[in-house]
Amino acid sequence: MNVQTLTFIFVGFTFAVYIGIAIWSRAGNTDDFYVAGGGVPPLANGMATAADWMSAASFISMAGIISFVGRDGAVYLMGWTGGYVLLALLLAPYLRKFGKYTVPDFVGDRYYSNVARLVAVVCVLFVSFTYVAGQMRGVGIVFSRFLEVDITTGVMIGMGIVFFYAVLGGMKGITYTQVAQFCVLIFAFLVPAIFISMMMTGNPVPQLGFGSTLTDGSNIYVLDKLDQLSQDLGFEAYTAGNKSTIDVFFITAALMVGTAGLPHVIVRFFTVPKVRDARVSAGYALVFIAILYTTAPALASFARVNLINTVNNAEYKTTPAWFKNWENTNLIAWVDKNQDGKIQYTAGKAFRGKPQFLEERGLKGERKISNSSTNNHNELYIDRDIMVLANPEIAGLPNWVIALVAAGGLAAALSTAAGLLLVISTSISHDLLKKMFMPNISDKQELLFARLAAAFAIIIAGYFGIYPPGFVAQVVAFAFGLAASSFFPIILMGIFSKRMNKEGAVAGMITGLTFTASYIVYFKFINPVANTAESWWFGISPEGIGTLGMIFNFMIASLICRFTAPPPQAIKDMVDDIRIPRGAAGSYHH
Amino acid sequence: MSDSHSPEAKAYWKENIRIVLSLLAIWFSVSFGMAIVFADALDNIRFFGFKLGFWMAQQGSIYCFVILIFVYVYKMNKLDHKYGVDEDSDDLADNETPPKK
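The structure displayed is predicted, hence computed values, not measured ones.

## Observations concerning the overall build of chain B
The secondary structure content of chain B amounts to four helices and two strands. Taken from N to C terminus, the helices and strands of chain B fall in the order α-α-β-β-α-α. Counting all 101 residues of chain B, 50% fall into the buried class. Within chain B, residue pairs in contact and separated by at least 24 positions form 56% of the contacts whose partners lie at least 6 positions apart. Total accessible area computed for chain B in this model is approximately 5400 Å², and 65% of it derives from carbon and sulfur atoms.

In structure tokens:
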């Protein structure tokens with residue numbers, strides 16, 4: 001069977017499963033809708049958290065990025081896993097004991113202030129919308145490449161599916177769908193990795209194959225081969241980093257702390273029955289995440305070797321079908337600078353900016369572009385996002401593996417989108433309406449508003465998926481920076497310091513946010529030309545600045561709270577109470 | 001005990017902080033220490049087909065994170081039990097907990 005038919009079968013089957021689960025796990029009240037009734041077993045919550053966390057970026061883009069940047073890719077690997085240690089040790093158990101629905105709930109109650117609550121809601125909405133736009137884009141890419149429907153139709157189908165199970169099932173529907181999606185995505189990620197590891201090194205475990213010798217007769221280690229290939233083509237050695245140590249330090253810290261402060265991850269720990277379950281489900285979640293995150297760097301290095309061997313000095317006319325297919329989806333471009341009909345792949349950019357394709361074809365049948373070319377020898381543009389999706393084709397794996405990867409990419413994008421949409425709808429119906437503007441609505445009305453808000457959020461997310469704003473990639477740094485500089489410090493101090501008061505928290509949050517946001521906006525939007533290591537503060541890039549914002553938040557908050565009134569006794573009692581696990585199931589909202 | 005203001009509660013919290021801080025010290029030294037600050041020095045050591053610093057950054061630190069969380073879970077369960085604040089001795093909680101799947 002051809003790839004397209006198989007992809008239809010795989011994707012159709014997985015979608016049917018998701019819908020079936022949604023019907024089985026409908027939400028009956030707001031408790032079900034927001035936190036799945038607080039009754040999710042820890043193992044299931046671990047899988048759901050992993051699926052929630054591993055987005056289109058983790059599944060589709062991360063291995064591709066590592067493949068191109070080598071060593072420096074470690075900032076994502078450590079940043080997006082190390083945050084779970086902070087989450088498990090410092091936040092999850094206490095927030096579970098606190099026992100409400102959302103992050104703004106905690107901020108608003110702990111700091112007895114609706115201003116703090118409102119600032120939190122605004123951050124939650126900003127972070128979540130930023131993220132969800134990227135997911136819908138991922139759905140669009142998979143549909144357009146593998147099912148050959150256009151991106152708009154692809155996004156609409158994705159929206160329809162998410163709409164169905166998020167609006168109907170709320171957190172309960174999402175949780176159990178995410179369990180299924182985790183299984184699909186991890187299977188889809190591992191199968192090609194195992195295949196390729198077997199082919200290249202004879203070791204079926206990619207994590208080990210990565211450190212083994214090649215079976216092509218040369219008997220040299222994969223990474224040594226890769227260093228040598230990279231240097232031959234004028235790139236830095238794969239295992240040597242380009243970024244400065246201080247920048248790597250700050251980016252890793254910002255991603256870790258940002259991960260621990262992301263609302264759609266935190267909220268998952270409200271769904272388990274006990275404090276003990278919150279701790280262990282963070283552990284399960286990290287195990288499930290680590291399976292993908294330790295495979296990704298192995299896959300990245302295999303893919304890099306394969307790519308260089310396949311395309312460098314190959315005749316354009318005889319390149320495999322995948323090369324032309326991706327060229328047709330605008331993600332690969334080739335300019336024959338020296339007119340020899342062969343693809344030269346070296347360091348440097350082949351031309352300025354993203355490819356602008358023209359209607360006409362060149363001499364060898366390649367798609368012509370209108371970009372002004374650069375004066376290096378590189379002739380090839382490859383979008384990093386295609387590495388994982390194209391990898392099975394580059395390695396020549398069977399068609400069913402390619403179809404499986406498409407279904408896995410969709411599972412990763414949809415599961416994260418659903419989790420984010422739920423956070424958005426909860427923020428609107430619960431934090432804004434119920435807690436601030438319409439405190440008298442009944443549970444039934446609140447549930448209706450939650451569903452309406454989810455539907456509304458899906459439409460906006462879909463719009464951004466079809467008409468992606470150029471700034472999506474830029475604002476991802478924003479999402480982590482804001483979570484790191486705002487939520488993490490104030491939640492942490494809310495639990496570990498009884499003295500921290502409203503004034504300190506609000507001042508800290510505003511300082512952290514303003515500092516981080518202005519730094520990012522300045523370098524990314526106002527003066528992008530100056531976005532180089534020389535003009536950064538202490539050599540810290542905008543991606544890593546959230547760490548400094550977090551430090552400022554801590555400092556200002558501690559300073560201000562010394563000069564202002566301590567929090568009321570009731571708040572101190574509440575802090576005492578959340579520090580002790582006992583009594584979590586009978587917590588406030590029941 | 002059950003009162004969250006009692007001296008036992010204070011002692012429980014103190015021990016809890018000690019566990020958390022010692023685990024975070026390990027967390028910090030494997031990731032920011034071995035995989036970032038001292039990575040170049042560790043790269044001189046070969047570990048199978050890897051340079052050790054590179055392996056710590058792309059593999060080893062992640063394995064350590066997983067182990068750290070499970071050590072934390074184990075130590076905290078023991079601590080909860082020692083101070084009688086675990087949820088097994090919490091009848092109310094047990095009655096309200098939905099049955100496991």
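The structure having been displayed, the exposition proceeds.
## What about helix H4 (residues 56–69) of chain A?
All names here are of chain A. For H4, with 14 residues, the first-to-last C-alpha span of 19 Å sits near the 20 Å given by 1.5 Å per residue. Taking the largest bend as the criterion, H4 deviates by roughly 40°, centred on Met62. Counting buried positions along H4 yields 10 of 14 residues, so the element is predominantly enclosed. Those residues of H4 that fall on the buried side of the exposure criterion are Ala56, Ser58, Phe59, Ile60, Ser61, Met62, Ala63, Gly64, Ile66 and Ser67. Remark: Gly70 follows H4 within two positions and exhibits a positive phi of approximately 65°.

## Thoughts on the confidence of the model for chain B
Residues and elements named next belong to chain B. Averaged over every residue, the pLDDT of chain B is 83; the share at 70 or more is 81%. Per-element confidence in chain B ranges from a low mean pLDDT of 43 for helix H4 (residues 91–96) to a high of 93 for helix H3 (residues 52–82). A low-confidence stretch, residues 91–101 stays under pLDDT 50, and its non-local contacts, those more than four residues away or across chains, total 16 contacts. Here the predicted complex scores 0.89 on pTM and 0.89 on ipTM.

## A short note on the nonpolar core
Among the nonpolar cores identified, the biggest contains 237 residues, and A:Trp53, A:Phe59, A:Leu91 and A:Tyr293 are the most heavily contacted of them. Here this core gets 22 residues from one element, more than from any other, and that element is helix H8 (residues 151–201) of chain A. Setting aside its immediate chain neighbours within four residues, A:Tyr293 contacts A:Trp53, A:Met54, A:Ser58, A:Met62, A:Tyr76, A:Leu77, A:Trp80, A:Thr81 and B:Ile62. Counting residues in hydrophobic clusters, the runner-up holds seven residues, among them A:Ala350, A:Phe357, A:Ile369 and A:Tyr381.

## Some words on the environment of A:Ala418
Residues and elements named next belong to chain A. With respect to the helices, strands and loops of the structure, Ala418 is situated in helix H16 (residues 399–437). When its relative accessible area of 0% is taken as the criterion, Ala418 is described as buried. Once you skip the residues sitting within four places of it in the chain, Ala418 turns out to touch Val162, Tyr165 and Ile174.

## Thoughts on the pairing of strand E2 (residues 357–361) of chain A
In this sheet, strand E3 (residues 367–369) of chain A lies alongside E2(A) in antiparallel orientation, the contact comprising two bridges. Among the inter-strand pairings, A:Arg361 is bridged to a residue of E3(A), identified as A:Arg367.

## Description of the interface of chain B and chain A
Tallying the contact residues gives 59 residues for chain B and 65 residues for chain A. With both sides pooled, the region where chain B packs onto chain A buries about 5200 Å², and carbon together with sulfur makes up 68% of that total. When the buried area of chain B at its contact with chain A is split by residue, B:Trp13, B:Gln58 and B:Glu87 rank highest and sum to 13% of it. Inspection of the chain B/chain A interface yields three salt bridges. Along the contact surface separating chain B from chain A lie 10 residue pairs in polar contact (both at pLDDT 80 or more). Contributing elements (two or more residues each) for the side of chain B that touches chain A: helix H1 (7–37), helix H2 (39–42), strand E2 (50–51), H3 and H4 of chain B. Ranked by residue count, the leading element in the side of chain B that touches chain A is H3(B), at 17 residues.

## Describing the confidence of the model for chain A
Residues and elements named next belong to chain A. Overall, the prediction assigns chain A a mean pLDDT of 85, with 97% of residues at 70 or greater. Between the elements of chain A, mean pLDDT differs from a low of 78, seen in helix H2 (residues 30–35), to a high of 93, seen in helix H20 (residues 545–562). A low-confidence stretch, residues 586–590 (pLDDT under 50), is modelled with 16 contacts involving residues beyond four sequence positions or located in other chains.

## Here we look at helix H14 (residues 321–328) of chain A
All names here are of chain A. Along H14, the residues that are buried comprise Trp322, Phe323, Trp326 and Glu327. Taken end-on, H14 shows its buried residues confined to a sector of 140°, consistent with a single buried face. Looking one or two residues past H14, Asn330 carries a phi angle of roughly 70°, positive in sign.

## Thoughts on the packing of aromatic side chains
If you walk through the whole model with that rule in mind, you get 40 aromatic pairs over all chains. Aromatic pair A:Tyr94 and A:Phe496: ring centres 5.6 Å apart, planes at 80°, arrangement edge-to-face. Of the two residues, A:Tyr94 is situated in helix H5 (residues 74–98) and A:Phe496 in helix H18 (residues 472–496); the sequence distance between them amounts to 402 residues. For A:Tyr94, a relative accessible area of 4% gives the class buried. For A:Phe496, a relative accessible area of 23% puts it in the partly exposed group. The interplanar angle of 40° and the centroid separation of 6.2 Å between the aromatic rings of B:Trp55 and B:Tyr63 together place this pair among those described as tilted. On the basis of relative accessibility, which here comes to 17%, the residue B:Trp55 falls in the buried class. Members of the aromatic cluster, joined through ring pairs, are A:Phe515, A:Tyr519, A:Tyr522, A:Phe523, A:Trp537, A:Phe538 and A:Phe552.

Rules used throughout
- Starting from 1, residues in each chain are numbered consecutively following that chain's sequence as written.
- Both sets of labels track the order of writing: A upward for chains, 1 upward for ligands.
- Residue-level local features of this predicted model are given only where pLDDT is at least 70; pairs of side-chain atoms are given and counted only at 80 or more, and the full residue set underlies all totals for whole chains, interfaces and linings.
- Side-chain metrics rest on all non-hydrogen atoms present in the structure, leaving aside hydrogens and water.
- Secondary structure elements follow DSSP: runs of H or I no shorter than four residues count as helices, runs of E no shorter than two count as strands, and numbering proceeds from the N terminus.
- The rule is simple: take the accessible area with a 1.4 Å probe, protein chains only, and divide by the maximum for that residue type; under 20% is buried, over 50% is exposed, in between is partly exposed.
- The contact rule is simple, with two residues in contact once any of their heavy atoms fall within 4.5 Å.
- To measure how exposed things are, a 1.4 Å probe is used in the Shrake-Rupley method; for residues, cover is taken only from the protein chains shown.
- A helix's residues, less one, multiplied by 1.5 Å, set its expected span.
- Two axes define the bend at a residue: one fitted to the seven residues ending there, one fitted to the seven starting there, and the bend is the angle between them.
- Values of pLDDT, ranging from 0 to 100, describe the predictor's confidence in every residue of the model.
- Here, the term nonpolar core denotes a set of buried Ala, Val, Leu, Ile, Met, Phe, Trp, Tyr and Cys residues that are joined through side-chain atoms within 4.5 Å.
- Strand pairing requires that DSSP identify at least two bridges connecting the strands.
- When two parts are brought into contact, each loses some accessible area as probed by a 1.4 Å sphere; the total of that loss over both is the buried area.
- Every case where a carboxyl oxygen of Asp or Glu lies within 4 Å of a side-chain nitrogen of Lys or Arg is listed as a salt bridge.
- We define a polar contact as two N or O atoms separated by no more than 3.5 Å, with the added condition that, inside protein, one atom must be a possible hydrogen donor and the other a possible acceptor, whereas residues neighbouring each other in sequence contribute only through side-chain atom pairs.
- Here the arc refers to the directions that run from the helix axis out to each C-beta atom.
- Geometry of aromatic contacts follows a simple scheme: Phe, Tyr and Trp rings, the Trp one being its six-membered ring, pair when their centres are within 6.5 Å, and the pair is stacked under 30 degrees between planes, edge-to-face over 60, tilted otherwise.

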